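# Examination of the molecular architecture
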Amino acid sequence: MSSILLLAVPLLPLLLAVFIGLRPGQARLNRLVPWAALPGLLLAALAPTGLEATFDSLLMGTHLAVDPTGRAFLALTAGLWLAAGLFALGERRDDARRERFYVFWLLALAGNLGLVLAQDAASFYLFFSLMSLSAYGLVVHSGKPEAWRAGRVYLILAVLGEVLLLAGLLLAVHAAGQSSLAAVAAARPEGWALALLVVGLGIKAGMLPLHFWLPLAHPAAPVPASAVLSGAMIKAGLLGWMRLLPLDATGHAVLGETLVLLGLAAAFLGVLVGVLQVRPKTILAYSSISQMGLMTVGIGLALLLPEARGWLLGAVTLYAVHHGLAKGALFLTAGMQNQWPSTPLARAAFALFTLLPALALAGLPFTSGALAKNTLKGPLAPDALPGWLAHTELLLTLAAAGTTVLLLRFLWCWQAGLQAPANGLDRHRWWAWGALALTGLLLPFGVLAVGPGGLPVEPRDLYGLALLWPIALGLVLAGIAYRLIRDGETPRVPEGDLAALAEAAWSGARRTHRNLALPPPRPRRMPARLRLLRLKLRQRLEDAERVLTRWETIGLLFSAAMLGLYLTLLVG
């Protein structure tokens, strides 16, 4: 029975993707898309401790389980995909290509849920790849030039990350002698294996300097896809670090200090570049880079302070859940610009749902952000870290001021596009958005009630002066910037920052090569019969390529392959 429960979580989205691909245009099937995440949410809420299943005949021995860390990530992943899926039902209602969107949505959902449950290297990599590659279809869904550009950059980095992750896993599994993720971490991967795992997973987590796919992919993707990309999918890299890095009683000082440095750099650079953007979703993308930097700091601290690793890893998990829900709600806010209501009560609810996730992300007392930030800084005593690392707590607090400035910039740019709906308010979007926004208030009290093991949270962690002064400082800095710099005079940094520099350098190199290259030799003329044969062969290949590269065909073949794999698993 446990094997069926665990398999159903990623299997149901795969089955639904196949049915939608085979029977496009079926409204009943489309309405089921959000609910494909419900089994994962129920499993996170109701599964007994230690639920697991092993399938020795599949790959190198597939092992699925619900552990305490996985339970939290499963609740975040399934809950966010459910809310964003409900939002998508309304937002994609008039999209002529919505079935294509739903197929890739379900494939990415299956991969995201599966990697959370995976406890062995092969299945973790399989689900990780399924999620990453399927998300490409979400990024390029609109078919606009900016979407194809974002998709190209995303795909290059996604494939690079997959290659690095696979190489790192192969080296680490070989050294450990087992494919279990716990065994790999216990064997303490070192050298190339450790470097490949950190970078391969870091690409997905938005780690500097490989972060630039985020500010390109988020504005290009539809709003629901942006919500799950930033709220859930980038957490896969963070979860991979928690599963595979040597987070034991010995720790790893060099890697820990490196991650703290990179995390703090991302926290501040994300703010500095984000405030120079004008599109709301781009600003939120840079906010995600900044917030993921804070979680990277938490992983680095767990490597530097192994005696406090239980607390710190629990704090990182709590921060990931808080950020995923709050950032998902903010991305849905970006999609509510055309839902400005006309009645005072509805406008009050609109303002509440807009401000709650922003205030939670800034760390206002009695929100999820307050609990997450105080918990992360809990074990950082003044003498706990040497040298410059002793200032980590102050730097984390200052980063909260930057978050406040960035969120004010988002709200300022977002409110300029508010307009009343042409066809009335969309109830799907309102319900999904409102429910997700309210989690910023409900989550901390749920955490205090449950009392997660290894994380000594207390009610006093919900308030304190250390939470208020960074917000006040952010308000002051934002006010000074507003008075000194008019919006039209604000300096601009291209979206994607390093990607824009790389593209400019590549274009310059190609122009230089063309200018220096010798003219190609004149080709010899082929006989007429061979030219005709080559033309016919080329036409047939192009026809076959057009069929095989249709999004519906790709999604259907991908779904069929994954479904066949699971049917093999069930029979075995």
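Please refer to the structure higher up on the page.
Residues numbered from 1 in each chain as written. Predicted model: local features only at pLDDT ≥ 70, side-chain atom pairs only at ≥ 80, totals over all residues. Heavy atoms only, no water.

## Concerning helix α12 (residues 235-244)
Our working rule: Three labels apply to residues, based on accessible area from a 1.4 Å probe with only protein chains included: buried if under 20% of the type maximum, exposed if over 50%, partly exposed otherwise in between. Only DSSP runs of H or I covering at least 4 residues are called helices, and only runs of E covering at least 2 are called strands; the numbering of each starts at the N terminus.
In terms of burial, α12 is largely enclosed, as ten of its ten residues are buried. Those residues of α12 lying buried are Lys235, Ala236, Gly237, Leu238, Leu239, Gly240, Trp241, Met242, Arg243 and Leu244.

## Remarks on unusual backbone geometry
Going from Leu208 to Pro209, the amide bond is cis rather than trans, its omega being 0°. Counting through the fold element by element, Pro209 comes out in the loop between α9 (191-204) and α10 (214-220). With a phi close to 55°, Arg188 is a non-glycine residue in the positive phi region. Here Arg188 lies in the loop between α8 (181-186) and α9. The backbone of Phe366 sits at a positive phi, close to 70°, despite the residue not being glycine. With respect to the secondary-structure elements, Phe366 resides in the loop between α16 (344-362) and α17 (368-376).

## Focus on the packing of aromatic side chains
Counted only if it meets this: Stacked, tilted and edge-to-face are the three classes assigned to paired rings of Phe, Tyr and Trp, where Trp is represented by its six-membered ring and a pair needs centres within 6.5 Å; plane angles under 30 degrees give stacked, over 60 edge-to-face, the rest tilted. Charge-over-ring placement is defined geometrically: NZ (Lys) or CZ (Arg) within 6 Å of the ring centre, and within 35 degrees of the ring normal.
The tally for this structure, following the rule as stated, stands at 14 aromatic pairs. Ring geometry for Phe350 against Trp433: centres 5.1 Å apart, planes inclined by 65°, an arrangement best described as edge-to-face. Placement of Phe350 in helix α16 and of Trp433 in helix α19 (residues 427-450) is noted, with a sequence separation of 83 residues between them. Here the aromatic rings of Trp412 and Tyr482 are separated by 5.6 Å at their centres, their planes lie at 70°, and the arrangement is edge-to-face. Here Trp412 is found in helix α18 (residues 392-415), whereas its partner Tyr482 is found in helix α20 (residues 465-484), with 70 residues between them in sequence. Residue Trp412 is classed as partly exposed on the basis of its relative accessible area, which comes to 43%. Taken together, the ring pairs connect Trp340, Phe350, Phe353, Trp414, Trp430 and Trp433 into an aromatic cluster. The lysine or arginine in question, Arg92, covers the ring of Phe101, its NZ or CZ lying 5.7 Å from the ring centre. A cation sits over an aromatic face here: Lys204 above Trp213, 5.5 Å from the ring centre.

## Some points on the side chain of Ser290
So the rule is basically this: Here a polar contact is recorded for every N or O atom pair within 3.5 Å, except that within protein the pair must consist of a potential hydrogen donor and a potential acceptor, and residues adjacent in sequence are included only if both atoms are side-chain atoms. Contacts are assigned to residue pairs with any non-hydrogen atoms lying within 4.5 Å of each other.
With respect to the helices and strands, Ser290 occurs in helix α14 (residues 280-304). Here Ala267 takes part through its backbone oxygen, which lies 2.6 Å from a polar atom of the side chain of Ser290. In this structure, Ser290 is in contact with Ala266, Ala267, Gly270 and Val271, ignoring residues within four places of it in sequence.

## A word on the environment of Arg97
With respect to the helices and strands, Arg97 occurs in the loop between α4 (68-91) and α5 (98-117). By relative accessible area, Arg97 is classed as partly exposed at 36%. Sequence-wise, Arg97 and His141 are 44 residues apart; in three dimensions their C-alpha atoms are separated by 8.4 Å. Other than its neighbours up to four places away in sequence, Arg97 contacts His141 and Ser142. Within the local environment of Arg97, its side chain forms a polar contact with the backbone oxygen of Ser142, the two atoms lying 3.1 Å apart.

## So, the nonpolar core
Applied cut-off: As used in this record, nonpolar core signifies buried Ala, Val, Leu, Ile, Met, Phe, Trp, Tyr and Cys residues forming a set joined through side-chain atoms within 4.5 Å.
By size, the foremost hydrophobic cluster in this structure holds 176 residues, and its most contacted members are Trp213 and Leu238. The contact partners of Leu238, leaving out residues within four places of it in the chain, are Phe73, Ala205, Met292, Met295, Ile299, Val316 and Ala320.

## As for the pattern of salt bridges
Selection rule: What counts as a salt bridge is simple: a side-chain nitrogen of Lys or Arg found within 4 Å of a carboxyl oxygen of Asp or Glu.
All chains considered together, the criterion is met by ten salt bridges. Where Arg188 meets Glu190, a salt bridge forms, and the shortest distance between an N and an O atom there is 3.9 Å. Connected through salt bridges with shared partners, the residues Glu91, Arg92 and Asp95 form a single ionic network.

## What to know about the side chain of Asn30
When you line up the elements, Asn30 lands in helix α2 (residues 27-31). For Asn30, a relative accessible area of 7% gives the class buried. When near neighbours in sequence (up to four residues on either side) are disregarded, Asn30 contacts Ile20, Leu89, Arg98, Glu99 and Tyr102.

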